[in-house]
Structure formats: structure tokens, C-alpha cells
Amino acid sequence: MLTRKQFELLMFINERIKETGVSPSFDEMKVALFLKSKSGIHRLITALEERGFIRRLPHRARALEIIKLPESASPSLARQKGFQPVVIENSTPAAKIPNAIIQDDNPLSATIPIMGTIAAGVPIEAIQDHSNDVTVPMEMLGNGEHFALEVSGESMIEAGILDGDTVIIKQQNSANNGDIIVALIDNEEATLKRLRKKGDSVALEAANPAFETRIFGPDRVAIQGKLVGLIRRY
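What this report covers is the structure whose coordinates are included nearby. (Residues numbered from 1 in each chain as written. Predicted model: local features only at pLDDT ≥ 70, side-chain atom pairs only at ≥ 80, totals over all residues. Heavy atoms only, no water.)

Where helix α1 (residues 4-20) meets helix α3 (residues 38-50), the axes come as close as 10 Å, and the angle between the chain directions of the two elements is 85°. Relative to α3, α1 is oriented roughly perpendicular. Residues Lys5, Gln6, Leu9, Leu10 and Ile13 of α1 pack against Ile41, Leu44, Ile45, Ala47 and Leu48 of α3. Among the residues forming the contact of α1 with α3, the class breakdown is eight nonpolar, one polar and one charged. (Axes fitted to C-alpha atoms, helices over the stretch in contact; angles between N-to-C directions. Helix = DSSP H or I, 4+ residues; strand = E, 2+ residues; numbered from the N terminus. Parallel < 35°, antiparallel > 145°, perpendicular 65-115°, else oblique. Contact = heavy atoms within 4.5 Å. Nonpolar A, V, L, I, M, F, W, Y, C, P; charged D, E, K, R; others polar.)

Here is the structure:
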């Protein structure tokens, strides 16, 4: 999945390479996406690279290669190149999450909504539209509202959270140091990470040494919920 900004940048780079034969500069990307700093472009480039959409060519300035595109961007090109489809999701506020429904035929279980996909890797847009439901044991749920998210990525594998798992989240806007949370960054992107509070800063810590810990000011991160359970299908 791609955020709107990631999609826009990918398409801008692709069009510029087709027109000129070289990728645009970071300054050109910043202007095209109406961003205030090149650091935002760097994060978007890193996200696209880690998801396999682009590749940086070594020892060459302004050298980016498009590896694949979302199928919705250019169906004919996608078929020609064998690109894999990527869905761009719209975000939905956590306040719209439906209540858990206790099963009439089995009071020991409840149905909760799956609200889309969460990144255990680079951030992606979430929380999304209510896409499906999942039945979970009542003992997995406590007081309050709960929802589920499907995991994409491998940044939390050392915490036992794998790509393709379904995580059960208790909706709340606060958490303790060390809790695994759904963190909303800049009111646009969400990710599943371990919370570490460092003074006035908020660190989002991966459980995989291949992924770096990201540190933000407290005004840039909003807690959407806390991990309370996990479902894995084999």
C-alpha cells in the first residue's frame, strides 16, 4: 500500500524519467509535492525503496530507477512489465470504529472490525475503512473498544509479529513505555511500533535490527491504540 504522497512522488519521478531520461532533483520533488523541506522527500524515497518500487543506482547523482508501479497508475504498463497491484487506501478516523459484537451462538467469542492494514515496516496510511470482520475469543478483549489490523512488513518480527498476521488493538490515546502501539504520524501515516518516551520526544522502536528507531516531537505522534492480541493463519 502507498500513501497519497508516496504515490504522487512515484508518479512524478516516473514521468520525469520518461520525459528527460533522468530522475528529478530533491528540490524539484519538494516543489512538485508542495513540501517544505527535503527531509520529507528523503522519507518518501526511503519508503518507496523499502517497498520495492524504486532503486537508487550507486555512484550516480540523481539516479533513481523505477522497478514497479501500482497497477491503477497505468494498467497497460503494469501488464507489460508484470507490476504487482498496489491499493491506495483512504484513511478513516478511529472514532468511527464499530463496537465489538458478541456472538449469539457463542458468548465466549466476539466479532470486531478489521480496519485495514498497518505497517510493521515503513509507515502506511491507516486507519482505513471497515473492510471485514474477525471473530476473537472474549478473553482477548477487555473493557473499551477494539479493532483489528492486518500486518504488512517485518519490522516487529522479534516481538513475534509477522507479515500477514492480524493484530487486535484496544482503542486508546495513551500508552506506557514499552507498549506496542498504533502510532499516527503527522496525522497522515500509521505504523505498528514499540513506544519509547525519551524526555519530550517520542521514539517508535522496531523489533528488527534492520529497521531504525524513529524519533519525533510529541506534537507529531498520536497514539491510536495498544496491541492486546494477535491472530495467525497457517
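As a further point, take the environment of Lys170. Relative to the assigned elements, Lys170 resides in strand β7 (residues 166-171). Distance from Lys170 to Asn143, taken between C-alpha atoms, is 8.6 Å for residues 27 residues apart in sequence.

Our focus in this paragraph is unusual backbone geometry. Comment: phi is negative for the bulk of residues other than glycine, and the bulk of peptide bonds are trans. Even without a glycine there, the phi angle at Phe34 is positive, about 60°. Residue position: Phe34 is located in the loop between α2 (26-32) and α3.

Moving on to the pattern of salt bridges. Under the defined criterion, the tally for this structure stands at ten salt bridges. With its nearest N and O atoms 3.9 Å apart, the salt bridge here joins Lys226 to Asp179. Separated by 47 residues along the polypeptide, Lys226 in strand β12 (residues 221-231) and Asp179 in the loop between β7 and β8 (180-185) bring together distant segments of the chain. In this structure, the salt-bridge partner of Arg196 is Glu205, at a minimum N-O distance of 3.3 Å. For Arg196, a relative accessible area of 29% translates into the label partly exposed. Glu205 sits in the partly exposed class, given a relative accessible area of 24%. (Salt bridge = Lys/Arg side-chain N within 4 Å of Asp/Glu carboxyl O. Buried < 20%, exposed > 50% of the residue type's maximum accessible area, 1.4 Å probe, protein only.)

Looking now at α3. Between its terminal C-alpha atoms α3 stretches 18 Å, which fits the 18 Å expected from 13 residues at 1.5 Å a residue. For α3, every residue scored as buried is listed here: Gly40, Ile41, Leu44, Ile45, Ala47 and Leu48. Seen from one end, α3 has its buried residues packed into an arc of 160°, which puts them on one side. Looking at the packing, one finds that the buried side of α3 touches α1, α2, β1 (54-56) and β2 (64-66). (Expected span 1.5 Å × (residues − 1). Arc of directions from axis to C-beta.)

Attention now goes to α1. Across its 17 residues, α1 extends 24 Å between first and last C-alpha, which sits within 8% of the 24 Å expected from 1.5 Å per residue. Along α1, the positions that sit buried rather than exposed are Lys5, Gln6, Leu9, Leu10, Met11, Phe12, Ile13 and Asn14. Considering only its buried residues, α1 is in contact with α2, α3, β1, β2 and β9 (189-198). In the segment just after α1, Gly21 is the residue with positive phi, at about 85°.

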